[in-house]
Amino acid sequence: MKRAIIAAFAAIIMGSGAYADTIKIGVVGPFSGPFALQGKNFKAGIDAYMAMHGTTIGDDTVEIIYRDLPAADPAQSKALAQELVVKEKAQYLAGFYFTPDAMAVTPILKQANVPLIVMNAATSAIVTKSPLVVRTSFTTWQTSTPIAKVAHDAGVAKVISIVSDYGPGIDAENAFKAGFEKEGGAVVEAIRMPLSTNDFSPIMQRIKDSGAQGVFAFLPSGPTTLGFVKAYNENGLKAAGIKFFAPGDLTQESDLPALGDAALGIQTTFHYAVSHDSPENKAFVEAASKAIGNPAELSFPSVGAFDGMNVIYKMIEATGGEQDAQKAVDAVKGLSWISPRGPVSIDPESRHITQNIYLREVTKADDGSYYNKEIQTFEKQGDPGLAAIK
Ligand code: PHB
């Protein structure tokens, strides 16, 4: 009898919330198909964070539920997100490699009472679609603005712009054009290719025919960027002295072994280089290398995911594990920390990450491997795209 009373009391206390919860984070990304390596980097960043910071916050245990979205597919993205919040009771949504997939999820956040932590998708407008979006990656406005100055400083006056015809490509084209014209340069032609383009020879011919001294390019990192840089080399553009300018998506570290000398000397601007020299990055690369298995596969989505986890952990702390999406998002507005990429903060107004953008050059190391060598820093860059779309 006595024991039964004690058990009843214990049940009441536990029922009042003083027991451990499992907080589920639903992560959507490309874990199979041509972009699987990018999804593998999401997972490596998440695993590295949890290895370094543990899997419990207070009394709560964090659980990650992965869902595979191999290509940009907004309808499937929304279906996966709905399944995660309704069936799995995920309290957070995170990941999202492609812009259309992140965009498709923003309308469900409020009713689901769930924040979305964008770990890659890079179109400026995503954060404006819901007050419950926080982004820890970059925007193509942020990464493509500084390269325009670099192109001008290299003595180039006429550039042809080539981008994938969707959100981040259009943003990249606009960012480069605005920056380059401000410097007095001219974009002589702007080509938008379908996202599915994988034969780049006709484009390379148009670059040659344009009379431009340089090419600006953006494509989403993956097999397409590898193909594009190879085509630039194989079609003789590099040999002809046509200079190549791009955000760092075009020379992600995991592509460099396959590109070899074709990429050597290419300058890009980006928020993260695996070679970044800091104690925080050293610790990150060690943990993320262990998580991914082959360190040569490490690339930028890993750091977007790692920092995304930092934001989610702060949200869980601030809400004591309760499901309150607005309170969670408010708690990280203005949050600053030292990321593996350098100092960063969450802009309280836009909820997008403010960060350094680095000019890097593909360089051959003494051991024969290739890396993005940081050679200049553009400090504390916000997102110029947000002003541009107002
Ligand atoms: C995007 O779809 O927003 C995206 C994907 C890959 C990138 C950059 C942007 O490298």
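Notes on the structure in this doc start here. (Residues numbered from 1 in each chain as written. Predicted model: local features only at pLDDT ≥ 70, side-chain atom pairs only at ≥ 80, totals over all residues. Heavy atoms only, no water.)

### A word on the side chain of Arg341
Thought 1: Here Arg341 is to be found in the loop between β12 (336–339) and β13 (342–346).
Thought 2: In this structure the side chain of Arg341 is engaged in a polar contact, spanning 2.7 Å, whose partner is the side chain of Gln355.
Thought 3: Other than its neighbours up to four places away in sequence, Arg341 contacts Thr136, Ser137, His271, Tyr272, His276, Val303, Gly304, Asp307, Ile353, Gln355 and Tyr358. (Helix = DSSP H or I, 4+ residues; strand = E, 2+ residues; numbered from the N terminus. Polar contact = N/O pair within 3.5 Å; in protein donor to acceptor, adjacent residues only side chain to side chain. Contact = heavy atoms within 4.5 Å.)

### A closer look at the pairing of strand β4 (residues 92–95)
Thought 1: Burial of β4 is two-sided: the residues Tyr92 and Ala94 facing one way and the residues Leu93 and Gly95 facing the other way are all buried.
Thought 2: The sheet contact formed by strand β1 (residues 22–29) and β4 spans four bridges and is parallel. Note on β4: the bridge partner recorded for Ile25 is Tyr92.
Thought 3: As defined by bridge partners, β4 adjoins strand β5 (residues 116–118) across three bridges and the pair is classed as parallel. From the neighbouring strand, Gly95 faces β5, where its bridge partner is Val118. (Buried < 20%, exposed > 50% of the residue type's maximum accessible area, 1.4 Å probe, protein only. Pairing = 2+ DSSP bridges.)

### Re the environment of Arg192
Thought 1: Along the chain, Arg192 falls in strand β8 (residues 186–193).
Thought 2: Under the relative-accessibility criterion, Arg192 is labelled partly exposed at 38%.
Thought 3: Through-space distance from the C-alpha of Arg192 to that of Gln91 is 38 Å; in sequence the pair is 101 residues apart.
Thought 4: Setting aside anything within four residues of it in sequence, one finds Arg192 in contact with Val163, Asp165, Ile170 and Glu173.
Thought 5: Of note is the side chain of Arg192, whose polar atom sits 2.9 Å from the side chain of Glu173.

### Details of the nonpolar core
Thought 1: Residues Ile25, Tyr92, Leu93, Phe176, Met309 and Met315 are the most contacted members of the largest nonpolar core, which totals 90 residues.
Thought 2: Each residue touching Tyr92, except ones within four places of it in the same chain, is listed here: Ile23, Lys24, Ile25, Gly26, Val114, Pro115, Ile117, Ile312, Met315, Ile316, Thr319 and Ala328.
Thought 3: One finds Ile207, Leu219, Phe228 and Ile266 within the second-largest nonpolar core, a separate group that totals 28 residues. (Core = buried A, V, L, I, M, F, W, Y, C linked by side-chain atoms within 4.5 Å.)

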